[in-house]
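A structural walkthrough
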There are 2 protein chains.
Amino acid sequence: MAEIQPKRTRDAQATRRALLDAAASLFAERGFERATVRDIAARAGVNQALLFRYFGSKKALFGEVLARNGREQLETTAPEGLLEAALRGMLLSDDARRGDRSLDAFLRSTGGSDEVATAGRLLGDEYARVLATLSNQDDKGLRADLVLSWLLGIGLMRVVVGKEPLASADPDEICGLVLGAARTLLEGLAAPVPPSSS
Amino acid sequence: MAEIQPKRTRDAQATRRALLDAAASLFAERGFERATVRDIAARAGVNQALLFRYFGSKKALFGEVLARNGREQLETTAPEGLLEAALRGMLLSDDARRGDRSLDAFLRSTGGSDEVATAGRLLGDEYARVLATLSNQDDKGLRADLVLSWLLGIGLMRVVVGKEPLASADPDEICGLVLGAARTLLEGLAAPVPPSSS
DNA sequence: ACGCTATGTAAGCACGTGCTTACACTTGGA
DNA sequence: TCCAAGTGTAAGCACGTGCTTACATAGCGT
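Note that the coordinates shown come from a computational prediction; the quantities given were computed from them, not determined experimentally.

1. Remarks on the interface of chain A and chain B
Counting residues at the interface gives 43 residues for chain A, matched by 43 residues for chain B. Carbon and sulfur atoms supply 71% of the area buried between chain A and chain B, which totals about 3600 Å² over both sides. Of all residues in chain A, L142(A), W150(A) and L177(A) bury the most surface against chain B, accounting for 16% of the area lost on that side. Across the chain A-chain B interface, the total number found is four salt bridges. Between D145(B) and K163(A) there is a salt bridge, and its shortest N-O distance comes to 3.0 Å. Here chain A and chain B share 13 residue pairs in polar contact (both at pLDDT 80 or more) between them. Counting only elements with at least two residues in the side of chain A that touches chain B, the list comes to α1 (12-34), α6 (102-107), α7 (114-132), α8 (140-161) and α9 (171-182) of chain A. The element contributing the most residues to the side of chain A that touches chain B is α8(A), with 15 residues. Classifying every residue of the side of chain A that touches chain B by side-chain character gives 22 nonpolar, 10 polar and 11 charged.

Next comes the structure, spelled out in structure tokens:
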């Protein structure tokens, strides 16, 4: 009753969003190559031909997913807390994570084609640009890249490879060690939030 | 005469070695998925059916490549110099590099199947075990994993993604920044070798 | 009411992949 | 000399993939 919202059975916008959401989760779980367009369409509850109608190609869809999800984290976090926020987000990614999973998707897709690497580079550029504001050194760009590399390397080892003891380590402990060492490079980084005070 | 070197036209050992060498270079260049068995056999100058006769499957071949090449670096380098040696090796990988390229192969193959991730984990375990000897803290295993993660993250950003300014940065400068920060975690790490004295 | 466009659907094409099979040639021992 | 095992070769199978095409249907403007 009462369909104030048109509740249309045929809604291109809703279909696009469903495809984007399904693609985001599947790319994060399996990476670009192992997530097939059939799986994505199935999870979205949509015919797979529509994926190509609305996005043109699988690669273009991957680019949109990374761009959309990556921007969320960047827009909602202050520079000095970005590293810890992104790190903690990555450390929780095993469980159902509500937030951004574009870094997972990127990490699981490194073998992909050049377009995939390009999409990842764009995402990395945005992160690094923010991190670079935390240093006044001449080589702050390089310093930011090195810190970003660490973030991604930790994600790679922990969530993709499952290397122990890193994979089961306490996020607070990891944050303490990483942020302490990273402050050697970016003097403007915030100290880690103390574990469970209050 | 001289059965010591039979110089055989049909030599299973030589064929095996040719396949291993070709696979090592192609996996390093393209990663596991994008290096096809046809390409590997062609570079080895060998019929591709022999690849399956001698190694059973592409995955098994990947495992042998990673195991063989990884051990070389580990056996020829002292623990306190391992990080710098591996880092410098990775930083040179753009050019023709003589030494080990198993880390490249691993980095370009993260999206692959579980067996591929397992082969990478075995390699990572060996590196981390050596690095862990450089600390006396209780959490030295975690500290070693974090340093190893940084090494791989830098390789990912520099050689796979091509992120600037990291991709074009001077290896000496990178070593200085990384080793300085990493010594916060592993107190036994050697200081970076001074750039080009003598 | 009607027709045109937007949206959804089913089927399949073209291609590359890992892997297998059936066969030919070489080699070395008896 | 001769056969069996070892080694090399050509062809192709079976399958999954991204993507396309030809068609059905809904929904809005007129």
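The rest of the description comes next.
2. Side note on the UniProt feature "DNA-binding region" (unreviewed entry) in chain A
The UniProt feature table records "DNA-binding region" (unreviewed entry) at residues 36-55 of chain A. Summarising residues 36-55 of chain A: 80% helix, 0% strand, and an end-to-end C-alpha distance of 15 Å.

3. Quick notes on the protein's contact with DNA strand C
Taken together, 22 residues lie around DNA strand C, and R53(A), R10(B), T36(B), Q48(B) and K58(B) are the ones closest in. When the atoms of DNA strand C within 4 Å of the protein are grouped by moiety, sugar and phosphate amount to 48% of the total. The side chain of R10(A) places a nitrogen or oxygen atom 2.9 Å from a base oxygen of DNA strand C. With respect to DNA strand C, the side chain of R53(A) contributes an N or O atom lying 2.3 Å from a base nitrogen. Of all the elements in the fold, those that place two or more residues in the surface near DNA strand C are α1 and α3 (48-55) of chain A together with α2 (37-44) and α3 (48-55) of chain B. Along the lines of polarity and charge, the residues of the surface near DNA strand C split into eight nonpolar, seven polar and seven charged.

4. With respect to the relation of the copies chain A and chain B
Under the fitted operation, chain A is carried onto chain B by 0.0 Å of movement along the axis and a turn of 180°, and the coordinates agree to an RMSD of 0.1 Å. Such a turn and shift between the copies fits a two-fold axis. Using C-alpha coordinates, one finds that chain A approaches the rotation axis most closely at G153(A), a distance of 1.9 Å. Taken as a fraction of all interface residues of chain A, those also at the interface in chain B reach 100%, which identifies the copy contact as same-surface.

5. Digging into the protein's contact with DNA strand D
With respect to spatial proximity, 22 residues lie near DNA strand D, and among them T9(A), R10(A), T36(A), K58(A) and R10(B) are the closest. Put simply, 49% of the atoms of DNA strand D that lie within 4 Å of the protein are in sugar or phosphate. One of the side-chain nitrogen or oxygen atoms of R10(B) is found 2.2 Å away from a base nitrogen of DNA strand D. For DNA strand D, a base nitrogen lies 3.0 Å from a polar atom in the side chain of R53(B). Elements with a contribution of two residues or more to the surface near DNA strand D: α2 (37-44) and α3 of chain A together with α1 (12-34) and α3 of chain B. Looking at the surface near DNA strand D residue by residue, the class counts come to eight nonpolar, seven polar and seven charged.

6. Focus on the packing of helix α5 (residues 79-91) of chain B against helix α9 (residues 171-182) of chain B
All names here are of chain B. Interaxial distance between α5 and α9 falls to 11 Å at its minimum, and their mutual angle equals 145°. Along this stretch, α5 crosses α9, giving a crossing that reads as right-handed. On α9, the residues that touch L83, E84, L87, R88 and L91 of α5 are P171, D172, I174, C175, V178, L179 and A182. Looking at the contact of α5 with α9 residue by residue, the class counts come to nine nonpolar, no polar and three charged.

7. Here's the deal with the packing of α8(A) against α9(A)
Residue and element names in this part refer to chain A. Between α8 and α9, the least distance of the axes is 11 Å, while the angle of their chain directions is 155°. Classified by the angle their axes make, α8 and α9 are roughly antiparallel. Between α8 and α9 lies a crossing whose hand is right-handed. Residues V147, W150, I154 and R158 of α8 lie in contact with α9, whose contacting residues are P171, I174, V178, A181 and A182. When the residues that make up the contact of α8 with α9 are grouped by side-chain class, the tally is eight nonpolar, no polar and one charged.

Cut-offs and rules
Residues numbered from 1 in each chain as written. Chains lettered and ligands numbered in written order. Predicted model: local features only at pLDDT ≥ 70, side-chain atom pairs only at ≥ 80, totals over all residues. Heavy atoms only, no water. Contact = heavy atoms within 4.5 Å. Buried area = accessible area lost by both parts, 1.4 Å probe. Salt bridge = Lys/Arg side-chain N within 4 Å of Asp/Glu carboxyl O. Polar contact = N/O pair within 3.5 Å; in protein donor to acceptor, adjacent residues only side chain to side chain. Helix = DSSP H or I, 4+ residues; strand = E, 2+ residues; numbered from the N terminus. Nonpolar A, V, L, I, M, F, W, Y, C, P; charged D, E, K, R; others polar. UniProt positions renumbered as here; feature names shortened; annotations may be inferred. Near = heavy atom within 4 Å. Least-squares fit on C-alpha atoms with pLDDT ≥ 70 in both. Axes fitted to C-alpha atoms, helices over the stretch in contact; angles between N-to-C directions. Left-handed = near helix turned anticlockwise from the far one by under 90°. Parallel < 35°, antiparallel > 145°, perpendicular 65-115°, else oblique.

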